[in-house]
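Results of the structural survey
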Amino acid sequence: MTTNRIALITGATSGIGEATARLLATNNFNLILCGRRKDRLQKLATELKTHTEVTTLSFEVRNQKEVASSIESLATEWKDIDVLINNAGNAHGLDPIQTGSVEDWDSMMDINVKGLLYVTKAVLPVMTKRNNGHIINIGSIAGKEVYANGNVYCASKFAVDAVTKGMRIDLNAHGIKVTAIHPGLVETEFSLVRFKGDEERSKNVYKGFDPLVGNDIADLILFTLTRPQHVVIADLVVLPTAQASATVVKKT
Ligand code: NDP
Ligand code: 8X3
């Protein structure tokens, strides 16, 4: 193994996670790519192996045992994780609270909040033992402002915001950096998942303005990871220029 830092990225099979994997691969990181879609993981790993060392883990973040055993199964040279990027997550549905589906609510709380906690729990022992590491949680503008029909997705991202602050306090004694990055509208597979495969509805979300793209967030992640040891970017909100708040977007 090279002396590169080891970064574990959840949700590396698409969108922000995939863009981050591509950027870190050419910036002195060895990568542990995670996601459920094994075919995509393998394809990306093969491509990025031309730049750096890469391994993959396929697990469902909702399943605590699976998360723990997958991370435990890493070969010795991969165990000493320096950077954890908690990115896996999605919105499921955009319905008023009175008609929202319990299945969607469970998915969002289980993936966005509990999944992030499960992965963090599995990775923290190496960081606390070493008294060093960096955790980046991907929150959202939806974790800063509530919008109509965002109810449970917003709650899940408000929870990510709170958990991030709690982590920073509790891990302070261990010298572990904790960052939250809260993007506004980023064109990824996010809306396709939120609208359950409805491509037309999904495309409409990003029509009439220039949304952020995965690489814009990857850029900030790399910036955050390359600050001097005495500097931590604690909390960062990033929006497309056309977006002023969760609901105010200037469209043509
Ligand atoms: P994508 O849908 O493109 O990517 C989501 C990623 O999460 C995929 O790689 C997916 O992998 C993984 N994932 C989803 N569910 C699970 C699960 N149950 N177990 C394991 N992995 C899972 O969306 P984005 O890239 O946009 O989203 C990434 C993060 O950014 C999310 O936390 C999202 O909430 C946040 N965000 C997105 C914004 C946007 O506008 N796009 C704005 C603000 C925040 P696989 O399906 O292979 O498991
Ligand atoms: C994703 C951005 O505005 O759709 O977190 O909630 S938004």
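Heads up: these notes are all about the structure in this document. (Residues numbered from 1 in each chain as written. Chains lettered and ligands numbered in written order. Predicted model: local features only at pLDDT ≥ 70, side-chain atom pairs only at ≥ 80, totals over all residues. Heavy atoms only, no water.)

In this section: the nonpolar core. Among the nonpolar cores identified, the biggest contains 32 residues, and L24, L31 and L33 are the most heavily contacted of them. Counting residues per element, the ones that place at least two in this core are β1 (5-9), α1 (15-25), β2 (29-34), α2 (38-48), β4 (83-86), β5 (134-138), α8 (214-225) and β9 (235-238). The element that contributes the greatest number of residues to this core is α1, accounting for six residues. Apart from residues lying up to four places away in sequence, L33 is in contact with I9, A12, A21, L41, L44, A45, L48, V54, T55, T56 and L57. Counting residues in hydrophobic clusters, the runner-up holds 25 residues, among them L124, I135, M167 and I176. (Core = buried A, V, L, I, M, F, W, Y, C linked by side-chain atoms within 4.5 Å. Buried < 20%, exposed > 50% of the residue type's maximum accessible area, 1.4 Å probe, protein only. Helix = DSSP H or I, 4+ residues; strand = E, 2+ residues; numbered from the N terminus. Contact = heavy atoms within 4.5 Å.)

The subject of this paragraph is the pairing of strand β6 (residues 177-183). Here β6 lies mainly inside the structure; seven of its seven residues are buried. Residues K177, T179, I181 and P183 line one face of β6 and the alternating positions V178, A180 and H182 line the opposite face, and both faces are buried. Bridging between β5 and β6 involves five bridges; their strand directions are parallel. Note that in β6 the partner of I138 across the bridge is I181. Since β5 and β6 lie parallel, the crossover through helix α5 (residues 151-170) that links them has a hand, and here it is right-handed. Where β6 lies against β9, four bridges are found, and the strand directions are parallel. Within β9, the residue paired with H182 across the bridge is V237. (Pairing = 2+ DSSP bridges. Right-handed = clockwise from strand over helix to strand, strands pointing away.)

Moving on: the site of ligand 2. The environment of ligand 2 is formed by S140, I141, A142, Y147, Y153, F190 and R194. Residue Y147 places a side-chain N or O atom 2.5 Å away from an oxygen atom belonging to ligand 2. At 3.5 Å, a side-chain N or O of R194 approaches an oxygen atom of ligand 2. About the coverage of ligand 2: the protein hides 88% of its 240 Å² of free accessible area. Grouping the constituent residues of the shell around ligand 2 by class yields five nonpolar, one polar and one charged. (Near = heavy atom within 4 Å. Polar contact = N/O pair within 3.5 Å; in protein donor to acceptor, adjacent residues only side chain to side chain. Areas by Shrake-Rupley, 256 points an atom, 1.4 Å probe, with all protein chains shown as cover. Nonpolar A, V, L, I, M, F, W, Y, C, P; charged D, E, K, R; others polar.)

Turning our eyes to something else, we now look at the sheet that holds β2. Overall, parallel pairing links the seven strands, which are arranged β3-β2-β1-β4-β5-β6-β9 in an open sheet. The strands lining the two open edges of the sheet, one partner per strand, are β3 (54-57) and β9. Between one strand axis and the next, the sheet turns by 15° as a mean value, whatever way the strands run. The pairing of β1 with β2 spans five bridges and is parallel. Each bridged residue has a counterpart across the sheet, and for L8 the counterpart in β2 is I32. Lying on the sheet, α5 is in contact with β5, β6 and β9; it crosses β6 at an angle near 160°. (Axes fitted to C-alpha atoms, helices over the stretch in contact; angles between N-to-C directions.)

Turning to the packing of aromatic side chains, a few remarks are in order. All told, the structure shown has one aromatic pair when counted by the stated rule. The ring of F223 carries R227 above its face, with NZ or CZ at 3.8 Å from the centroid. (Phe/Tyr/Trp six-rings, centres within 6.5 Å; stacked < 30°, edge-to-face > 60°. Lys NZ or Arg CZ within 6 Å of the ring centre and 35° of its normal.)

Glancing now at the site of ligand 1. Surveying the vicinity of ligand 1 reveals 29 residues, the closest of which are T13, S14, R36, E60 and T188. Residue N87 places a main-chain N or O atom 2.8 Å away from an oxygen atom belonging to ligand 1. Taking G89, its main chain carries an N or O atom lying 3.4 Å from an oxygen atom of ligand 1. Computed on the free molecule, ligand 1 has an accessible area of 880 Å², of which 97% lies beneath the protein chains in the complex. Contributions of two or more residues to the shell around ligand 1 are made by α1 and α5. Class assignment of the residues belonging to the shell around ligand 1 gives a composition of 12 nonpolar, 12 polar and five charged.

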